[in-house]
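Architecture and fold: a report
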Amino acid sequence: FTYPVSSQKRSWTFANEGQLMEFRVEQNSKYIESHEEEAQGRDLNEHFLTSAEERLLLKQYEIYLFDFCRRFEPTMPKCVVGTAFHYFKRFYLNNSPMDYHPKEILATCVFVACKVEEFNVSINQFVNNIKGDRNKATDIVLSNELLLIGQLNYYLTIHNPFRPIEGFLIDIKTRSNMQNPDRLRPHIDSFIDSTYYSDACLLHTPSQIALAAVLHAASREQENLDSYVTDLLFVSAREKLPGLIDAVRKIRIMVKQYQQPDREKVKAIEKKLDKCRNQANNPDSELYKERLRRLYTDEDDMPAEDASFHIADVSSDTSAMNISQ
């Protein structure tokens, strides 16, 4: 299946950033409405995360997600990373981080992406990359797997920009005057990595993101591909050129404007989240443990009371994942 007729274009590509913000505000409001009594008369904005706080928290967990994939052993293919980011971003268009902690959803997104992209790692190999109680990590990842797939509406095929990038590089080698286009690759890879921290994959086509990466890389190498784009690439489809140029400009601005979240602010948000998160979905809560008990036929199989695992080291000032090794 190609992108123009894909579920990605039909169901998961949106008109503009305002539309995405509406989804996120709506999920935040829904959660607060259904858990309002838990505030016990306190100011709702003081007890619950605001939509802006949720956004900041998820930005931090996107950093953890990339770091987890980067440090993963065995080495993870780029397509798995791209697919995991798609899943993570899609999930939180339909859900609030107060309902499902991003630490747990992050691991599940990567695990499902490994399967979908046929990067064959067992659950044991997978959790070996996570510090702490690996039995508990296994339980959490496997119990969230169906939840994640359902929230993605079972649309699991992801079109990443890597194939169009290869197409552009072959075409540039064939039809342009640029010497050694392969020197663009490090800049392209770096740009694609940067797009993961933006909403580019929810707003633009893989080929638009690919072209933005190629043009960015060319400018870093003091090369100009304008005439290649206008005179060769779109010579027979001039009417599409203004839309493409606009999309490429927007993607490059998104990447350029990205700012890392303030770690102190994130720490404060995480403390707040501990108090307002849905305890039914908190593996450390009695409510969750009771639900888990019903799934086990033998009480002896229950995880230890103090079991914990860590995707992210929230106590440190680094943005690195807690990875074993």
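This structure is a prediction, so every number in the text was calculated from the model and none was measured. (Residues numbered from 1 in each chain as written. Predicted model: local features only at pLDDT ≥ 70, side-chain atom pairs only at ≥ 80, totals over all residues. Heavy atoms only, no water.)

**Quick look at the overall build of the chain**
Short version of the rule: Secondary structure elements are defined from DSSP: runs of H or I of at least 4 residues count as helices, runs of E of at least 2 residues count as strands, and each element is numbered from the N terminus. With a 1.4 Å probe rolled over the protein chains alone, any residue whose accessible area is under 20% of its type maximum counts as buried; one over 50% counts as exposed, and the rest are partly exposed. It only takes one pair of heavy atoms within 4.5 Å for two residues to be counted as in contact. Accessibility throughout is a Shrake-Rupley quantity obtained with a 1.4 Å probe, and a residue counts as covered only by protein chains that appear here.
Along the chain, the regular secondary structure elements total 16 helices and 2 strands. Put simply, the chain has 325 residues, and 50% of those count as buried. Long-range contacts, defined as pairs at least 24 residues apart, comprise 76% of the intrachain contacts of the chain with a sequence gap of at least 6. Summed over its atoms, the accessible surface of the chain is roughly 16,300 Å², and 49% of this surface lies on carbon and sulfur atoms.

**Description of the state of the cysteines**
Spelled out, the test is: Two cysteine sulfurs form what is called a disulfide whenever their separation falls within 2.5 Å.
Taken as a whole, this structure holds 0 disulfides when the rule is applied. Distance from the sulfur of cysteine 79, which forms no disulfide, to the nearest cysteine sulfur (cysteine 114) is 9.5 Å. Exposure remark for cysteine 79: the relative accessible area of 24% places this residue in the partly exposed category.

**A short note on the pattern of salt bridges**
Note the cut-off: Here a salt bridge means any side-chain nitrogen of Lys or Arg lying within 4 Å of a carboxyl oxygen belonging to Asp or Glu.
The full count for this structure, using the stated rule, is 20 salt bridges. Across the pair lysine 272 and glutamate 53 runs a salt bridge, and its minimum N-O distance is 2.8 Å. Residue lysine 272 is found in helix 15 (residues 263–276), and its partner glutamate 53 is found in helix 4 (residues 51–71); the two are separated by 219 residues along the sequence. For the salt bridge of glutamate 145 with lysine 115, the shortest nitrogen-to-oxygen distance reads 2.6 Å. Taken as a pair, glutamate 145 in helix 8 (residues 134–151) and lysine 115 in helix 6 (residues 102–116) lie far apart in primary sequence, 30 residues in all. Look at lysine 115 and you get partly exposed, because its relative accessible area is 46%. One connected set of salt bridges, linked through shared partners, spans Glu166, Lys173, Asp182 and Arg185.

**Focus: the packing of helix 2 (residues 17–34) against helix 4**
Using the following cut-off: Axis definition: a line fit to C-alpha positions, over the contact stretch in the case of helices; interaxial angles, taken between N-to-C directions, run 0 to 180 degrees. For classification, angles of less than 35 degrees are called roughly parallel, those exceeding 145 degrees roughly antiparallel, those between 65 and 115 degrees roughly perpendicular, and all remaining angles oblique. The hand of a helix crossing depends on one turn: near helix anticlockwise from the far one by less than a right angle means left-handed, and clockwise means right-handed. Asp, Glu, Lys and Arg are counted as charged, while Ala, Val, Leu, Ile, Met, Phe, Trp, Tyr, Cys and Pro are counted as nonpolar; the rest, among them Gly, fall into the polar class.
Running from amino to carboxyl end, helix 2 crosses helix 4 at an angle of 110 degrees, the nearest separation of the two axes being 9 Å. As far as their axial angle goes, helix 4 and helix 2 are roughly perpendicular. Judged by the twist between their axes, the crossing of helix 2 over helix 4 is right-handed. Facing Arg24, Val25 and Asn28 of helix 2, the residues of helix 4 in contact are Ser51, Glu54 and Arg55. Here the contact of helix 2 with helix 4 is composed, by residue class, of 1 nonpolar, 2 polar and 3 charged.

**Observations regarding the packing of helix 2 against helix 5 (residues 78–94)**
Between helix 2 and helix 5, the shortest axis-to-axis distance is 7 Å and the interhelical angle comes to 55 degrees. Judged by the angle between their axes, helix 2 and helix 5 are oblique. Touching Leu20, Phe23, Arg24 and Gln27 of helix 2 are Tyr92, Leu93 and Asn94, all from helix 5. Residues that form the contact of helix 2 with helix 5 fall into these classes: 4 nonpolar, 2 polar and 1 charged.

**A look at the layout of surface pockets**
In plain terms, the rule: Cavity means a closed set of points on a 1 Å grid over the protein atoms alone, one where a 1.4 Å probe fits but cannot get out, pocket means an open set with protein on both sides within 12 Å along at least 5 of 7 lines, and lining means a residue has an atom within 4 Å of a point. Grid points are joined across faces, edges and corners, and a volume is the space filled by probe spheres set on the points. Where a domain begins and ends is set by an automatic assignment or by a domain database.
Of the pockets and cavities examined, the largest pocket occupies roughly 720 Å³. Taken together, 29 residues make up the lining of the largest pocket; nearest its centre are Glu17, Leu20, Asp199, Leu203 and Met254. Taken together, the residues that form the lining of the largest pocket break down as 12 nonpolar, 9 polar and 8 charged. Both domains that furnish three or more residues to the lining of the largest pocket are identified here as domain 1 (13–158 + 262–274) and domain 2 (161–257). Considering only enclosed or pocket space, the second largest pocket measures out at about 570 Å³ in volume. Elements that contribute at least two residues to the lining of the second largest pocket include exactly helix 9 (162–175) and helix 12 (206–220). Looking at which element gives the most residues to the lining of the second largest pocket, the answer is helix 9, with 3 residues. Class assignment of the residues belonging to the lining of the second largest pocket gives a composition of 8 nonpolar, 6 polar and 3 charged. The residues that make up the lining of the second largest pocket include at least three from each of domain 1 (13–158 + 262–274) and domain 2 (161–257).

**A closer look at the side chain of glutamine 27**
Among the secondary structure elements, glutamine 27 is positioned in helix 2. The buried category is assigned to glutamine 27, whose relative accessible area is 12%. In this view, glutamine 27 contacts Leu93, Asn94, Asn95 and Ser96; residues no more than four positions away in its chain are not counted.

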